[in-house]
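Architecture at a glance
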Amino acid sequence: MPMTTVRPLNDYLPVLARLLMCSLFIWDGVLQLRDPAGTVAYFASLNVPAPQVAVWVSIPIHLLGGVAILVGFKTRWAAAVLLLFCLGTAFGIHLRAGDMDNMVNFYKNLVMAGGFLYVIAFGAGAIAFDREAAAR
């Protein structure tokens, strides 16, 4: 690949990747915030312990973690939190014996966890608040 092509790819692909990775979390956080009672009922149906408390833990993880990934602020830390969240949700909620339909959600969470491992390893990329802080 010519050098003129590689640099823009290195600059803009991580931004696109961060947008795609965080969109689910921001969207879900907004939905949970708009209807916390409905989220509590959903969590209770999944046997989430203390769903009235879990909802108020889940909302900021989704929103703050998603926005941090989107703008590239404390990206590795946000990715680590969302990695743990994805693994916890995958193994704690979506891995039920005999529930083959839920396996899609289990593997979706594992795939997202893999993406967050990449973010932890390689950072936010060239266009991010983290980049500006590193340049100072």
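Here is a short report on the structure shown in this document. (Residues numbered from 1 in each chain as written. Predicted model: local features only at pLDDT ≥ 70, side-chain atom pairs only at ≥ 80, totals over all residues. Heavy atoms only, no water.)

Of the volumes computed, that of the largest pocket is approximately 600 Å³. Lining the largest pocket are 26 residues, with Asp28, Phe43, His62, Phe85 and Thr89 sitting closest to its centre. Of all the secondary structure elements, the ones that give two or more residues to the lining of the largest pocket are helix 1 (3-34), helix 2 (36-45), helix 3 (51-71), helix 4 (75-94) and helix 5 (103-122). Its residues placed into classes, the lining of the largest pocket shows 15 nonpolar, nine polar and two charged. The calculated volume of the second largest pocket comes to roughly 160 Å³. (1 Å grid on protein atoms, 1.4 Å probe; cavity = no way out; pocket = protein on both sides within 12 Å on 5 of 7 lines; lining within 4 Å. Points joined across faces, edges and corners; volume = space filled by probe spheres on them. Helix = DSSP H or I, 4+ residues; strand = E, 2+ residues; numbered from the N terminus. Nonpolar A, V, L, I, M, F, W, Y, C, P; charged D, E, K, R; others polar.)

Between helix 2 and helix 3, the least distance of the axes is 9 Å, while the angle of their chain directions is 115°. Crossing geometry of helix 2 relative to helix 3 is assigned as right-handed. On helix 3, the residues touching Pro36, Thr39, Val40, Phe43 and Ala44 of helix 2 are Pro51, Gln52, Ala54, Val55, Trp56 and Ser58. Split by residue class, the contact of helix 2 with helix 3 holds eight nonpolar, three polar and no charged. (Axes fitted to C-alpha atoms, helices over the stretch in contact; angles between N-to-C directions. Left-handed = near helix turned anticlockwise from the far one by under 90°. Contact = heavy atoms within 4.5 Å.)

Within the largest apolar cluster, 14 residues are counted, with the highest numbers of intra-cluster contacts made by Phe25, Ile69, Cys86 and Phe116. When residues in this core are grouped by element, the largest group, five residues, is from helix 4. If we skip the residues at most four places from it in the chain, Cys86 touches Phe25, Asn109, Met112, Ala113 and Phe116. Ranked by size, the runner-up nonpolar core spans nine residues in total, among them Phe43, Ala54, Val55 and Leu63. (Core = buried A, V, L, I, M, F, W, Y, C linked by side-chain atoms within 4.5 Å. Buried < 20%, exposed > 50% of the residue type's maximum accessible area, 1.4 Å probe, protein only.)

What follows is about the packing of aromatic side chains. What characterises a pair of aromatic rings is the spacing of the ring centres plus the angle enclosed by the ring planes. Counting across every chain of the model gives five aromatic pairs. An angle of 85° between the planes, with centres 5.2 Å apart, marks the rings of Phe91 and Phe106 as edge-to-face. Here Phe91 is found in helix 4, whereas its partner Phe106 is found in helix 5, with 15 residues between them in sequence. Given a relative accessible area of 49%, Phe91 falls into the partly exposed group. For Phe106, a relative accessible area of 6% corresponds to the buried category. Of the aromatic side chains, those joined through ring pairs into one cluster are Phe91, Phe106 and Tyr107. If you follow Lys74 out to its NZ or CZ, it ends over the ring of Phe73, 6.0 Å from the centre. (Phe/Tyr/Trp six-rings, centres within 6.5 Å; stacked < 30°, edge-to-face > 60°. Lys NZ or Arg CZ within 6 Å of the ring centre and 35° of its normal.)

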